[in-house]
Amino acid sequence: MQSLAFLLESVGGDRFPTALRQVIKLICDFDSLIATRYPPNQPPVSLHQDLDDVQAAISVQFYATGPYLLDPLYLACKSNEDPGVYRTLDLAPEAFFRSEYYRTFYRNIRISDEVGLLIRHPSHEWFVISLARGPRQKKFSPEDLMALQSLFPILSTAVLKH
């Protein structure tokens, strides 16, 4: 409960990403968190990431130059998918591992699995909180997804209020 209180106290402040990470870590393990805002018809805006400089250059800077247009999480937002928790690979097309997105971007970010919390703002912007596990980590389980989905109303409200 202290982590949840910290999250609520930090809304609007510099400590919000740390508090968000703490709350999510209570129910689901992950290695990295990237928060991205997708304004309508514009490139994504990175709001927070906890990557090293090399991974940030690939996962954030290069991503915003065009690979995002093929990202299953972005495409879910663009097609107005319901807000919620999704594994990237569950949204990906059948031939994902042969896709341009996989070849030019996804295989270079060195993760074993990714989950996106898709949060829709009333202004039609989307916020995506991407949680990733490193290459030697197990994939997100159905229990992980259920736990995240149960906390989603609190997390999405906090993100929108921030």
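Please read these numbers as outputs of a predicted model, since none were measured by experiment.

Caption draft 1: Region of the structure containing the overall build of the chain. A tally of regular secondary structure across the chain gives seven helices and five strands. Scanning the chain from its N terminus toward the C terminus, one meets helices and strands in the order α-α-β-β-α-α-β-α-α-β-β-α. The C-alpha atoms of the chain give 15 Å as radius of gyration, which agrees with the globular expectation for 162 residues (15 Å, within 12%). For the C-alpha atoms alone, the extent of the chain along its principal axes is close to 45 × 35 × 30 Å. Taken across its 162 residues, the chain has 46% of its residues classed as buried. Taking the intrachain contacts of the chain between residues at least 6 apart in sequence as the baseline, contacts between residues at least 24 apart amount to 60%. With 16 positive and 18 negative side-chain charges, the chain shows a spacing of 3 Å between the two charge centroids.

Caption draft 2: Geometry of the pairing of strand β5 (residues 126-133). Counting buried positions along β5 yields eight of eight residues, so the element is predominantly enclosed. On β5, burial covers both faces: Trp-126, Val-128, Ser-130 and Ala-132 on one face and Phe-127, Ile-129, Leu-131 and Arg-133 on the other are all buried. In this structure, strand β4 (residues 113-120) lies alongside β5, joined through eight bridges in antiparallel fashion. Within β5, the position partnered with Asp-113 by the bridge is Arg-133. If you look at the hairpin formed by β4 and β5, you'll find five residues sitting between the two strands, and His-124 has a positive phi there, around 80°.

Caption draft 3: Layout of the pairing of strand β1 (residues 32-38). With six of seven residues buried, β1 is to be regarded as a mostly interior element. Here β1 pairs with β5 via seven bridges, running antiparallel. Paired with Leu-33 across the strands is Leu-131, a residue of β5. Here β1 folds back onto strand β2 (residues 45-49) in antiparallel fashion, the turn holding six residues, of which Asn-41 has a positive phi close to 55°.

Caption draft 4: The pattern of salt bridges, seen in detail. Throughout the structure, instances matching the rule amount to six salt bridges. As a salt-bridge pair, Lys-25 and Asp-29 come within 2.9 Å of each other at their nearest N and O atoms. For Lys-25, a relative accessible area of 33% translates into the label partly exposed. Using a relative accessible area of 41% as the deciding quantity, one classes Asp-29 as partly exposed. Taking the shortest distance from any N to any O, the salt bridge between Arg-87 and Asp-113 comes out at 3.0 Å. Note that Arg-87 is positioned in strand β3 (residues 84-87) and Asp-113 in strand β4, a separation of 26 residues in sequence. Judged on exposure class, the residue Arg-87 and its partner Asp-113 are both buried. Each of Arg-87, Asp-90 and Asp-113 takes part in salt bridges that share partners, so that together they form one network.

Caption draft 5: Fine view of the sheet that holds β5. Read across the sheet, five strands follow the order β2-β1-β5-β4-β3 without closing on themselves; strand pairing throughout is antiparallel. Since the sheet does not close on itself, it has two edges, and those belong to β2 and β3, each with one partner. Strand-to-strand twist of the sheet, defined as the mean angle between neighbouring strand axes without regard to direction, takes the value 20°.

Caption draft 6: Region of interest: helix α7 (residues 142-161). Given a rise of 1.5 Å per residue, 20 residues ought to cover 28 Å, and the 28 Å separating the end C-alpha atoms of α7 matches this to within 8%. Inspection of α7 places Asp-144, Leu-145, Leu-148, Leu-151, Phe-152, Leu-155, Ser-156, Ala-158 and Val-159 among the buried residues, and these make up the whole buried set. Looking at the buried residues of α7, the elements they touch are α1 (2-10), α2 (16-27), β3, β4 and β5.

What counts and how
- Residues numbered from 1 in each chain as written.
- Predicted model: local features only at pLDDT ≥ 70, side-chain atom pairs only at ≥ 80, totals over all residues.
- Heavy atoms only, no water.
- Helix = DSSP H or I, 4+ residues; strand = E, 2+ residues; numbered from the N terminus.
- Rg over C-alpha atoms; globule rule 2.2 N^0.38 Å.
- Buried < 20%, exposed > 50% of the residue type's maximum accessible area, 1.4 Å probe, protein only.
- Contact = heavy atoms within 4.5 Å.
- Lys, Arg positive; Asp, Glu negative; His and termini not counted.
- Charge placed at Lys NZ, Arg CZ, Asp CG, Glu CD.
- Pairing = 2+ DSSP bridges.
- Salt bridge = Lys/Arg side-chain N within 4 Å of Asp/Glu carboxyl O.
- Axes fitted to C-alpha atoms, helices over the stretch in contact; angles between N-to-C directions.
- Expected span 1.5 Å × (residues − 1).

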